[in-house]
Every structure is written in C-alpha cells, then in structure tokens.
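Descriptive analysis of the structure
Here's the letter readout for the chains.
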Amino acid sequence: MASYVIIKDAPKLDYMKDFVALPKNYGTKKYFEREDIKAIRSTVYAALDDLNAKTNFAEDLRNYKRVLIKPNLVFVYHNVSLDKKDYPENTDPRVFEAVVSYIKQYNENIAIVESAGKPYPTMTAFKAAGYDRIAKYYNTDLVPLELQPVVRYILPKAEVMNEVYLPQILDEVVKGDAYYVSVPKMKTNLYTGVTLGFKNAMGTIPYFLRERNHTHDIDKKLADLLYLFKPNLTVIDGIIGGEGNTPSPVDPVKVGKIVASNQSVEADRITTYMMGFDPEKNQLMIEATKRNFGDNQVQIIGDTSVTKFRPAIPSLMDEKTAREFPNLLAVTGHNFSGTPKITDPNKVTPEMVLEIEQSCKGGCLASVKFGLDFFNHKKSMNNEKLKVCVIEGPGVEINGTRYWWDKNGKPYTKEDLKNLPMKKYGMGNCTLATVGDICFWKATGCCDPAKCASLICMAGGTLIPIVSPANPWLIPTGLRLLQMIGIRAISALKGKPCDAPMLSHDDHVFPLPKLSKAEKEKDFISVPMPKMGPIKRVKQAVMQTYLVLCALPLNLNNKYGKNGLNH
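Residues numbered from 1 in each chain as written. Predicted model: local features only at pLDDT ≥ 70, side-chain atom pairs only at ≥ 80, totals over all residues. Heavy atoms only, no water.

Quick look at the confidence of the model for the protein
Keep this limit in mind: pLDDT expresses, on a scale from 0 to 100, how confident the predictor is about each individual residue. Note on definitions: a residue-residue contact is assigned when non-hydrogen atoms from the two residues lie within 4.5 Å.
Averaged over the protein, the pLDDT score is 94; the fraction of residues at 70 or greater is 96%. pLDDT under 50 marks residues 554–567. Its contacts with residues more than four places away, or in other chains, come to 38 contacts.

Here it is in structure tokens:
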C-alpha cells in the first residue's frame, strides 16, 4: 500500500485552555459548542478524511474485531503542585477525543490502552487528564497495560530487543485481530530527541522490559520493536506541542497542526523536520530507516513549515546546567565502542569529555537530567542547595587506574572523588560496580528512570515535587499504586505475570536460542512463557512489588557485586 502523511492546519484560535485535562463540563452541549473544541474536531476529521480518501483505512477499521487507541500519558502534569497549573506532556484530551469520535463511526469496539511511567498508575493518568470520561462518553474499554498478563515473543532480526513480553491485548495487534492507532504528542525527549508515533510504543511494553536496554541502545531497541508490530494509523497531536526535557515538565509550543499517516516512521520523520530538527541526524530515525521500516516513496500532503522547538539537553555538562546548579559537579568515565581512546588522562579535551558522556545518553544520564529539571519548575526548590558530585560510568582504566573527567577535562581518580567535600551520587549499576562504596546516593538499575530522577531531588534536600503533600493527586495516586501492586502480585501468583522476569538489571542483550535458517528470516516468533512453579511465582510477585516500590523516592542501599544487583 502507498504511504501518505497528511498535515492539516487548525484555524487560528487560542488553544491554551484545557490542553492537558478536560474541564468538568466535558460531554455537555456547552463544551461541544466551544470554538476551540469544534476547530480541533474539524481539523482531526479533515486530516483523517483526506487520509481515508487516499488509503480507504475506514474500510479496514470495519474489518477488525477491535481498535486499540494509545495516547501518550507518561505523566499528566495537571495540578501537581508545580509552579504552573499545566504542562503539555500528555496527548491533548481534546485531540484524543476527536480521534475516538472519528474511529467510532467505523468500529464500535474500541479500547483506550496505555501504560504510564513507573510507578505512576495509569488509571490515575486516565482520571487526571479526563480520559476516563472519554471512555464513558463513547462506551469504550479503558485498559491500563501494566495490569495485563503478558505473552512472549523473540525477534530473530533484532539487534537489541531479541525478547519481547507484550500485554495480551496488544497480542491482538500482532495476530491481526486488532487495529492499532498511535496518538502521540508532538514534543522533544531527553532519551531520543523527539517522541512521536512509533516511540509511543515504549508505553506498550511492561515495566521491566521497558527498563531493559534503556541505555545507549534505546534507539535500536525501539526500532527493533517495529519487527513485532507497528501502528496501522498515526495521528500526531501538534495543536500545542511540548519543548524541553521530557519526561520532566515541558513548555508549550503553539503549532496548531494535526499530522495523520498510515506510515508511522514517515509521519515521525516529517514531524521531526517540522519541529526544527534534522531527521537524518536523529538516531531513532536512523535506526528505523536502517531496518527498512520507512518508505522513501511516501507522499506528504500539507504545509511542512517549521516551528522551532527548544531541544532536550541530555547532559550534565552543558552551560545551562552549570549556571543553574553551581554546586553540582558531574564527572564521566565510559569506555563504549566509539568513544575516544584515552592513553593520557591529562590530555582530555572538553570536546572529548562530552563525547564520552553522550555515549550513554539513553538511560541514567537523561533520567538524572529529568530529575534536575524539576528544580526549574518549583520555586521552593533551591538549586544552590544541591551540592553533590554525580559520577557517570565505571571510569576509564588507564595503566591500572580508573579515571573520570569533569566538563573541562580535569581528571579524577576514585581517591580524588572520595576526598571531594560533597556527597557522591552513583549513576547506574555500571558506576556502582566500581565506586558504589563511596557513593551516598545510589541510583540502581540500568536504567530505572524514576529512581534516578527522585534521588537527585533528594540529594538537593527535597522530594520530587509530584510526591509532595501539596500535590492533591498524592493520596489517590498512592491508593491506585497499592491496588496496582496487589493486582500484579496476584496475577504473578496465579502464574500469569504482568511483566517480564526480572533476571538482572545490567547492560546486556538477551541471547537468542538456537534457530533454524527459516526461523532466522522471520520478523517474530511466538514462544511459551517461562515455566513458573510455586516458588518462582512467589519470587516474581515479591520482585515485582519490590522493584515498583524502589522507584519511589527512597534511598534504598542495595548491595552490589561485580555485575550490579545481587537479588
């Protein structure tokens, strides 16, 4: 089938009202008569009508048993005790509602599916943004994916994500029984530069698998997932975009566009360009293209003019961070393939330091920056109070001694770091394996984004603001969290886990079993879940509970061995 991307401009209106959460009068005549609501709906309908004229996807919709529609609700920053009431992190519910309304014309069986960022319960996100009321109004299912038992696949062609655990409802997409619609927000992202149509799939996989290879390999991991399933339809919410350091609070960008496509990679590619970035330099786009998931014959219809977005900055060594956090010292020491080969620790330039740091920007580094950014969105948080040395990586070994460097190229040994007059923050398992004994703050995992973010806030003498007592969502979220933990534990005890086995949390690729020549040519292979006797069921239930709780703002001093976590 030919590929199309349709771009529609919304009428010139003020769309800054209710762009994060629906108002109380949603569903009433007064709500639907609002000019912005009518304009958004007409823009979404026009984009989808034009795409349907080219592809006849509406007929496909009729032929599927069910339609799964996934927004981006990694977190809903609405009335969460930050300086502003709203931040455009999630898919605009006005846009999403219009998409549901359109799809409902062709298929009555709709499920709204999502899994928010751990440990934030998705049902809280649904309620905070008003998605529960959309589901009620249109009589759709509302499915928090973290509560779904999982099935298992292997991907023979994958470079990183060789093993996939998938919620059962998404398995309907893989088997061709369900039609999958991705409705992301147009926004920047610390881990991947931008987060759009197929990056939205990160919220379809379970927590522990999400954290596996959430590292320098994150772009490969997300591109690999396209071997298993991809959106049938992508509708990008570009009414109010988000710029800054997602998943931390982002600032609004008035774009006023809807992008619709039957080819998610090409929708993401042109949208990346429209945000002011070169898609040919975006590693996520590069990996998807390398795997032939794009279509260079795509037809793009509409205005592709650029609205410049402020980029996410996944670094602790940039000038902005230095100005905002004068008492923070970051040192880096990675030795991945492709990083500068250093033989003299005293001949390292600032450019080399940045290259070393950026060799692993898809995990702990970006997650610490995520936490730091809260200081800029909560006036009561004192940036100068954050007096800490953040250690990135295990150090580069030169003549038997490990070294780390600050942004100016100054070298530090472990003894130098130990003697610094500030507490140390160890960033990830690789760091803690070599300097864990001198670190007060231990961000375990590879990578656990929530833990990395919450601990850097604690290092500044405060809780991450969203778990502040001033947040009116705190108690409802806590109750939902307990409910979520209980459901997942019971499911594991029944031998139907809602997550991947937590075998380790290190930087490694799951090995493929021995495959035949024919099997190696397949995009994916369904395989049985690992056998779980009574003891393994109990262990899985306990481990799921423990590791969800570990994402809370607690400095749990886990024990480390040479390879990281010793569970």
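Details of the environment of lysine 385
Applied cut-off: Each helix is a run of DSSP H or I of at least 4 residues and each strand a run of E of at least 2, with the numbering of both proceeding from the N terminus. Categorising residues by exposure relies on relative accessible area from a 1.4 Å probe, with only protein chains included: less than 20% of the type maximum marks a residue as buried, more than 50% marks it as exposed, and the intermediate range marks it as partly exposed.
Relative to the elements of secondary structure, lysine 385 occurs in the loop between α14 (364–372) and β14 (388–392). Judged by relative accessible area, which is 52%, lysine 385 ranks as exposed. Distance from lysine 385 to alanine 111, taken between C-alpha atoms, is 46 Å for residues 274 residues apart in sequence. For lysine 385, the contacting residues outside a window of four places in its chain are Ala459, Gly460 and Gly461.

Some thoughts on the state of the cysteines
By definition, a disulfide links the sulfur atoms of two cysteines through a covalent bond. Quick reminder of the rule: Throughout, disulfides are identified as pairs of cysteine sulfur atoms within 2.5 Å of each other.
Here the structure, examined in full by the defined rule, presents zero disulfides. Cysteine 452 carries a free sulfur, and the closest cysteine sulfur to it, the one in cysteine 364, is 4.1 Å from it.

So, the packing of aromatic side chains
The description of an aromatic ring pair uses the distance of the two centres, along with the angle that the planes make with each other. So the rule is basically this: Working definition: a ring pair exists when centres of Phe, Tyr or Trp rings (six-membered ring for Trp) sit within 6.5 Å. Plane angles under 30 degrees give stacked, over 60 give edge-to-face, the rest tilted. The rule for a charge over a ring is simple: NZ of Lys or CZ of Arg within 6 Å of the ring centre, and within 35 degrees of the ring normal.
With the rule as written, the count across this model stands at 23 aromatic pairs. Judged by centre distance (5.7 Å) and plane angle (55°), the rings of tyrosine 102 and tyrosine 106 are tilted. Summarising the burial analysis for this pair, tyrosine 102 and tyrosine 106 share the class buried. Here the aromatic residues Phe75, Tyr77, Tyr87, Tyr120, Phe370 and Phe374 are joined through ring pairs into a cluster of three or more. For lysine 423, the ring lying beneath its charged end belongs to phenylalanine 440, and the centroid distance is 4.0 Å.

Section: the pairing of strand β18 (residues 423–427)
Here is the rule: Pairing between strands is defined by DSSP: at least two bridges between the two strands are required. Clockwise travel from the first strand over the helix to the second, with the strands pointing away from the viewer, marks a crossover as right-handed.
Here β18 lies mainly inside the structure; four of its five residues are buried. In this structure, β14 lies alongside β18, joined through five bridges in parallel fashion. Its bridge partner lying in β18, valine 390 is registered against tyrosine 425. Relative to strand β19 (residues 441–443), β18 runs parallel, the two sharing three bridges. By the bridge assignment, glycine 426 is partnered in β19 with lysine 442. Each parallel crossover has a hand, and for β18 linked through helix α16 (residues 429–435) to β19 it is right-handed.

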